[in-house]
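Reading the structure
Take a look at the letters that make up each chain.
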Amino acid sequence: MAVCKPGDFTSKITPLCKREKPDAQGIAFVIGMTVAGTDKDVDNMYSTFQNDLNFAVLRENNLSRESLKCLIQAGAEYRYPRIYDYVAFYFAGHGGIDDSGALVITSDKAHVNVQSEIIRPFEEGNKGQKKHKFFFFFDCCLSGNVRRTNVEVTDGLAAFATSIDERAGGDRIQGGLWTRYLSDNLKLDIPLINILSRT
């Protein structure tokens, strides 16, 4: 099996930013794992970012731990057009918590730490670019527990689907309630920067 390299994803990001959406207000990474209903969630968020918010969007499904980390590294290190103000990351799938903190689970059943392996690379990689960052995690199974782990974002926000010890609502046909509400609220005529200032 070929070893994943960040360049594998850089080659996907470049045409998005330079040819397809050079005038976008940001880029969104929309990641889905095969869990009941997540296909619809990923469809909703892809459409919201692409069509309603004028984002360049890279959509990926069922990434292994290695591939997800390569995508994050590529996305964090990429030099985006100056006009891009935002970097967004949406994950739909399973997650949880262990001694290291909040985590998401990849297609190969491996754990990826939310703070150190997703948020921190984007913060460190985008330091000189002054991009506002949004991280959205839709984990249907007790994702509210991650609130106990003090996930922090500099100049941005991280949002999770459920409250502590609760399961996210939704179904296979329409997807998750949280994602639907998130999508509907992002479509409101409110500048994204205002969401950060009110959170």
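As shown above, the structure is provided for reference.
Because the structure is a prediction, the values reported are computed rather than measured. (Residues numbered from 1 in each chain as written. Predicted model: local features only at pLDDT ≥ 70, side-chain atom pairs only at ≥ 80, totals over all residues. Heavy atoms only, no water.)

1. A short note on the nonpolar core
Put simply, the rule reads: Throughout, nonpolar core names a set of buried Ala, Val, Leu, Ile, Met, Phe, Trp, Tyr and Cys residues whose side chains join them through atoms within 4.5 Å. Burial status follows relative accessibility: with a 1.4 Å probe on protein chains alone, a residue under 20% of its type maximum counts as buried, one over 50% as exposed, and anything between as partly exposed. Working definition: helices are DSSP H or I runs of at least four residues, strands are E runs of at least two. Numbering for both runs from the N terminus. We call two residues contacting when some pair of their heavy atoms lies within 4.5 Å.
One finds Ile13, Ile27, Phe29, Ile31, Tyr80, Phe89 and Phe137 to be the most contacted residues of the largest nonpolar core, which totals 36 residues. Of all the secondary-structure elements, those providing two or more residues to this core are helix H1 (6–20), strand E1 (26–32), strand E2 (55–61), helix H3 (65–77), strand E3 (86–93), strand E5 (101–105), helix H4 (114–125) and strand E7 (132–139). Among the elements that line this core, the one with the most residues is H3, at six residues. Other than its neighbours up to four places away in sequence, Ile31 contacts Val42, Glu60, Leu63, Leu68, Leu71, Phe89, Tyr90, Phe91 and Ala92. Judged by nonpolar contacts, the second largest core, of 20 residues, contains Met45, Phe134, Phe138 and Leu182.

2. A word on the packing of helix H2 (residues 38–52) against helix H5 (residues 177–186)
Selection rule: All axes are obtained by fitting lines to C-alpha atoms, using only the stretch in contact for helices, and the reported angles, taken between N-to-C directions, cover 0 to 180 degrees. Note on angle classes: values under 35 degrees are labelled roughly parallel, values over 145 roughly antiparallel, values of 65 to 115 roughly perpendicular, and the remainder oblique. Here the term charged refers only to Asp, Glu, Lys and Arg, the term nonpolar to Ala, Val, Leu, Ile, Met, Phe, Trp, Tyr, Cys and Pro, and the term polar to all other amino acids, Gly among them.
Two elements in contact, H2 and H5, have axes separated by 10 Å at closest approach and are oriented at 5°. For the element pair H2 / H5, the angle class is roughly parallel. On H5, the residues touching Asp41, Asn44, Met45, Thr48 and Phe49 of H2 are Thr179, Arg180, Leu182, Ser183 and Leu186. The residue makeup of the contact of H2 with H5, split by class, is four nonpolar, four polar and two charged.

3. Side note on the packing of aromatic side chains
For clarity, the threshold we go by: In this scheme Phe, Tyr and Trp rings, the latter by its six-membered ring, pair at centre separations within 6.5 Å, and the angle between planes marks the pair as stacked below 30 degrees, edge-to-face above 60, and tilted otherwise.
Taken as a whole and judged by the stated rule, the model has eleven aromatic pairs. Between Phe49 and Phe55 the ring centres are 5.1 Å apart and the planes differ by 50°, which places this aromatic pair in the tilted class. Using a relative accessible area of 3% as the deciding quantity, one classes Phe49 as buried. Here the aromatic residues Phe29, Phe89, Phe122, Phe135 and Phe137 are joined through ring pairs into a cluster of three or more.

4. Regarding the environment of Thr34
Along the chain, Thr34 falls in the loop between E1 and H2. Since its relative accessible area comes to 65%, Thr34 is described here as exposed. When the C-alpha atoms of Thr34 and Asn62 are compared, they prove to be 6.4 Å apart, with 28 residues separating the residues in sequence.

5. Concerning the sheet that holds strand E6 (residues 111–113)
Strands in a sheet are paired, the pairing made by backbone hydrogen bonds, and the direction either parallel or antiparallel. Note the threshold: DSSP bridges decide pairing: two strands pair if at least two such bridges lie between them.
Ordered by their spatial adjacency, three strands build an open sheet running E4-E5-E6, and the pairing between neighbours is antiparallel. Unpaired on one side and paired on the other, strand E4 (95–98) and E6 mark the two borders of the sheet. Strand-to-strand twist in this sheet, taken as the mean axis angle between neighbours without regard to direction, amounts to 40°. Pairing of E4 with E5, which is carried by four bridges, proceeds in the antiparallel orientation. Following the sheet pairing, Ile97 is matched in E5 by Ala102. Strand contacts of H4: E5 and E6, with the helix running at about 60° to E6, the strand carrying the most contacts.

6. Topic: the side chain of Ser64
Quick note on the threshold: For this analysis, a polar contact is any N or O atom pair within 3.5 Å, provided that within protein one partner can donate a hydrogen and the other can accept it, and provided that sequence-adjacent residues contribute only side-chain to side-chain pairs.
Inspection of the secondary structure puts Ser64 in the loop between E2 and H3. Residue class for Ser64 comes out buried when judged on its relative accessible area of 16%. Within the structure, Ser64 has its side chain in polar contact with the backbone nitrogen of Ser67 (distance 3.1 Å). Each residue touching Ser64, except ones within four places of it in the same chain, is listed here: Thr106, Ser107 and Asp108.

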